[in-house]
Amino acid sequence: MSKTKTACISIISACILLSIIFGFATKNSYVSLNNPSEARFYLPVNTVTDDTRIVSANDGVYDEVSFEEVDEDLQFYDNIFLVTAKKNTHLYRETVTTVYVDKVIKGDDSVLNTDIWVYEIPHFYYSKGTGKFEFYKPMGHINFMRPGSKYLIFVNEVDFVQEVDETLDKRMFTIEAEDEEGFFLCSFVTFPLEKITFVSPENVSVYGDVSHMDWFCFTPEQAEVYESLRSSVIDKYLPT
């Protein structure tokens, strides 16, 4: 990860955690999401109408995702852990998940059998106008890690400045990374040990409709591609 990216993540994460610890944040910058299942959900599958049929914006995309491409991106992560998700903390536009490290496949062995924080993709937006939360999918295909479930995760540690690091009782890791050309990576970095499922788009209106999913997929074809990726990565990095 580049120094610029690391510094950016450090600053953002430090602000979030200091808000938790010291309670300095105002409602405009820190809002705890107590009931995420009711947040309005913006479907990632957009449709457009032509003269003959309704076309999904995702048509043909998922067939192009290969294990080789995903595995190449995974090489930019320093740590591979088998974890059990324990608790999601939802903030204004951020989510930090507490996980227990069951096994270290690659990286820092000192976190084995301890709790760490994992900074996940920001999915929620707080609307000051309505006073409600809205759920959107700005990037990637992964949901938050679900408490009680086990995951194979690829993460990099957040490099805090010493003054902030000394105030924390857990190590902080992030699913964010950059490749050699500076492209942002994090689409496929948490792999559930359970099989991938899908939900039809017409059955989705709020986040509660998809909260049980580990990866967002809305057709059997997407679920098949995701399941192939999931099983291939687990077979390589967590063989039985």
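Note that this is a predicted model, so its numbers are computed, not measured. (Residues numbered from 1 in each chain as written. Predicted model: local features only at pLDDT ≥ 70, side-chain atom pairs only at ≥ 80, totals over all residues. Heavy atoms only, no water.)

Secondary-structure assignment places Thr219 in the loop between strand E13 (190–192) and helix H4 (220–237). At 3.0 Å, the side chain of Thr219 and the backbone nitrogen of Gln222 are in polar contact. (Helix = DSSP H or I, 4+ residues; strand = E, 2+ residues; numbered from the N terminus. Polar contact = N/O pair within 3.5 Å; in protein donor to acceptor, adjacent residues only side chain to side chain.)

With that settled, the discussion passes to unusual backbone geometry. The backbone of Asn113 shows a phi angle near 60 degrees, a positive value even though the residue is not glycine. Assignment of secondary structure puts Asn113 in the loop between strand E5 (95–106) and strand E6 (115–120). You can call Asn113 partly exposed: its relative accessible area is 47%. (Buried < 20%, exposed > 50% of the residue type's maximum accessible area, 1.4 Å probe, protein only.)

What follows is about helix H2 (residues 67–74). Those residues of H2 lying buried are Val70, Asp71 and Leu74. Across the axial projection of H2, the buried residues extend over an arc of 100 degrees, all falling on one side. More than 90 degrees from the buried face of H2, the exposed residues found are Glu68 and Glu72. Of the surrounding elements, those touching the buried residues of H2 are strand E9 (150–157), E13 and H4. (Arc of directions from axis to C-beta. Contact = heavy atoms within 4.5 Å.)

Contact geometry for H2 and H4: axes closest at 10 Å, N-to-C directions at 50 degrees. Taken together, H2 and H4 sit at an angle that is classed as oblique. Considering how the two elements wind past one another, H2 and H4 form a crossing that is right-handed. When H2 is examined against H4, the residues Phe67, Val70, Asp71 and Leu74 are found in contact with a partner set consisting of Leu229, Ser232, Val233, Lys236 and Tyr237. (Axes fitted to C-alpha atoms, helices over the stretch in contact; angles between N-to-C directions. Parallel < 35°, antiparallel > 145°, perpendicular 65-115°, else oblique. Left-handed = near helix turned anticlockwise from the far one by under 90°.)

Shape is all these values report; function is a separate question.
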